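What follows is each chain in one-letter form.
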Amino acid sequence: MVTDSTAYLPARRVEHYGVRVVPLHVSTGPEHSLAETSFDPELLTERLRAGSRVTTAGAGVAEFADTYRAALESGADGVLSVHLSGELSGTLDAARTAARQVAPSAISVVDSRSVAMGLGFAVLAAAELAATGAELAEVTEAARRVAARGTILFSVQTLEYLRRGGRIGTASALLGTALAIKPLLHLRDGVIEPLEKVRTTGAVVRRLEQLAVDAATGPAPSGTPSEVDTPRPPALAVHHLAAPERAEALARRVRERLPGHSDCVVSEVGATIGAHIGPGSVGVVVLPGGWSATAGAPHDEW
């Protein structure tokens, strides 16, 4: 099982399932490119607030090729490689090129059309299924199915960082009023798009709370008979950059309104995503029905 560093998976899960994580890259100058995993959020926030230019780059073909070879040489019959939206990064293309070079029939590359734990939940679902001995095709389909169910909602303090990185798409329509509002955005089919305009930071948390609850209590996902007959609680994740208090407040409020949830991860995003959303950003990932295909599996301990 392979993914990239923008999944922001809890270390315990990475170790438990043996997930291989290929890092994306961050740079503050032509000679200072670092793996995302070596560029912590505190340093990123410091650089951004100081006005430094921070750029990002996807993982390279050689990095993926080395990772795939290592997985196959360790005895894997096949490799599933699941990555952030191809609309947001060239990482997916690099993974596909490496798969063709190494073993195209044994490596399946999936565009999650998502990011952060929207990607992470898909990786966990596939990894859990792979651990049962499922075939590569079945594991691939599980990753696609879970990724498609997720909802990603987030708020930024300013659209400037997204504008600089060319990641806002149709959200550019909000630029004219960016100073007067706190934009709410979402990921739709792998692309960042505007959702609503909120006037205050306090209102952002309340609105994200309501949208998360609405997404979590929507129509139940299709699946096996047991999944349909016994509704599963949602999986949840709250991400932020330099906004821990608001992130914890949002997580607490959503937990209170969704008792019995299966997961709730609260984490700070890394530099690849953080460089584009900026300090003060808060977001929530909602996966109706949870990610586990194993009935009764305890997934609330991270």
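Not measured: the values here are computed from a predicted model. (Residues numbered from 1 in each chain as written. Predicted model: local features only at pLDDT ≥ 70, side-chain atom pairs only at ≥ 80, totals over all residues. Heavy atoms only, no water.)

Engineer: I keep staring at the pattern of salt bridges and nothing clicks. Help me out?
Structural biologist: Under the criterion given, the structure shown has eight salt bridges. In this structure, Arg188 engages Glu193 in a salt bridge whose closest nitrogen and oxygen atoms are separated by 3.7 Å. Glu209 is the salt-bridge partner of Arg253, the closest N and O atoms lying 2.7 Å from each other. Residue Arg253 is located in helix H10 (residues 244-257), and its partner Glu209 is located in helix H8 (residues 201-216); the two are separated by 44 residues in the primary sequence. Classification of Arg253 as partly exposed rests on a relative accessible area of 28%. We classify Glu209 as buried; its relative accessible area is 9%. One continuous salt-bridge network, built from bridges that share partners, spans Glu87, Asp111, Arg113 and Asp189. (Salt bridge = Lys/Arg side-chain N within 4 Å of Asp/Glu carboxyl O. Helix = DSSP H or I, 4+ residues; strand = E, 2+ residues; numbered from the N terminus. Buried < 20%, exposed > 50% of the residue type's maximum accessible area, 1.4 Å probe, protein only.)

Engineer: What's the story with helix H2 (residues 41-49) in this structure? I'm lost.
Structural biologist: What sets the pattern is the α-helix's 3.6 residues per turn: residues three or four places apart point alike. Turning to H2, its buried residues are Pro41, Leu44, Thr45 and Leu48. Down the axis, H2 shows its buried residues gathered within 95° of arc, on one side only. Turned more than 90 degrees away from the buried face of H2 sit Glu42 and Glu46, all of them exposed. With a side-chain oxygen positioned 3.0 Å from the backbone nitrogen of Glu42, the residue opening H2 is Asp40. Immediately beyond the C-terminal end of H2, within one or two residues, lies Gly51, with a positive phi of roughly 85°. (Arc of directions from axis to C-beta. Polar contact = N/O pair within 3.5 Å; in protein donor to acceptor, adjacent residues only side chain to side chain.)

Engineer: Hey, could you run me through the sheet that holds strand S4 (residues 33-35) in this one?
Structural biologist: Remark on secondary structure: sheet strands pair via backbone hydrogen bonds, oriented parallel or antiparallel. The three strands lie next to each other as S4-S3-S5, forming an open sheet whose pairing is antiparallel. In the strand order of this sheet, the two ends are held by S4 and strand S5 (55-57), each with one partner. On average, adjacent strands in this sheet sit at an angle of 30° to one another, irrespective of strand direction. Summarising the sheet, strand S3 (residues 25-27) and S5 pair through three bridges and their orientation is antiparallel. Residue pairing across strands places His25 opposite Ala57, the latter belonging to S5. (Pairing = 2+ DSSP bridges. Axes fitted to C-alpha atoms, helices over the stretch in contact; angles between N-to-C directions.)

Engineer: Is there a simple way to think about the packing of H8 against H10 in this case?
Structural biologist: Geometry of a packed helix pair, given as the angle between the helix axes and the separation of the axes. Their axes nearest at 10 Å, the elements H8 and H10 cross at an angle of 35°. Note that H8 runs across H10; the crossing there is right-handed. Here Thr201, Val205, Arg206, Leu208, Glu209, Gln210, Ala212 and Val213 of H8 lie close against H10, whose contacting residues are Arg246, Leu250, Arg253, Val254 and Arg257. Along the lines of polarity and charge, the residues of the contact of H8 with H10 split into six nonpolar, two polar and five charged. (Left-handed = near helix turned anticlockwise from the far one by under 90°. Contact = heavy atoms within 4.5 Å. Nonpolar A, V, L, I, M, F, W, Y, C, P; charged D, E, K, R; others polar.)

Engineer: Could you clarify how one ought to interpret the pairing of strand S7 (residues 107-111) in this entry?
Structural biologist: For a regular strand, the rule is simple: side chains alternate between the two faces of the sheet. Most of S7 is tucked away: five of the five residues are buried. Burial of the side chains of S7 extends over both faces: Ile107, Val109 and Asp111 are buried on one face and Ser108 and Val110 on the other. Sheet topology places strand S6 (residues 79-83) next to S7; five bridges connect them, and they run parallel. Residue pairing across strands places Leu80 opposite Ser108, the latter belonging to S7.

Engineer: Before we go on, may I ask you to explain the nonpolar core in this structure?
Structural biologist: Note that soluble globular proteins tend to have their nonpolar side chains buried in a common cluster. Counting residues in hydrophobic clusters, the biggest one holds 56 residues, and the most contacted among them are Phe121 and Trp291. Ranked by residue count, the leading element in this core is helix H5 (residues 117-130), at ten residues. When we break this core down by domain, the ones giving at least three residues each are domain 1 (2-148) and domain 2 (151-287). Of all hydrophobic cores here, the second largest spans 24 residues; its members include Val213, Ala243, Leu250 and Val284. (Core = buried A, V, L, I, M, F, W, Y, C linked by side-chain atoms within 4.5 Å. Domains from an automatic or database assignment.)

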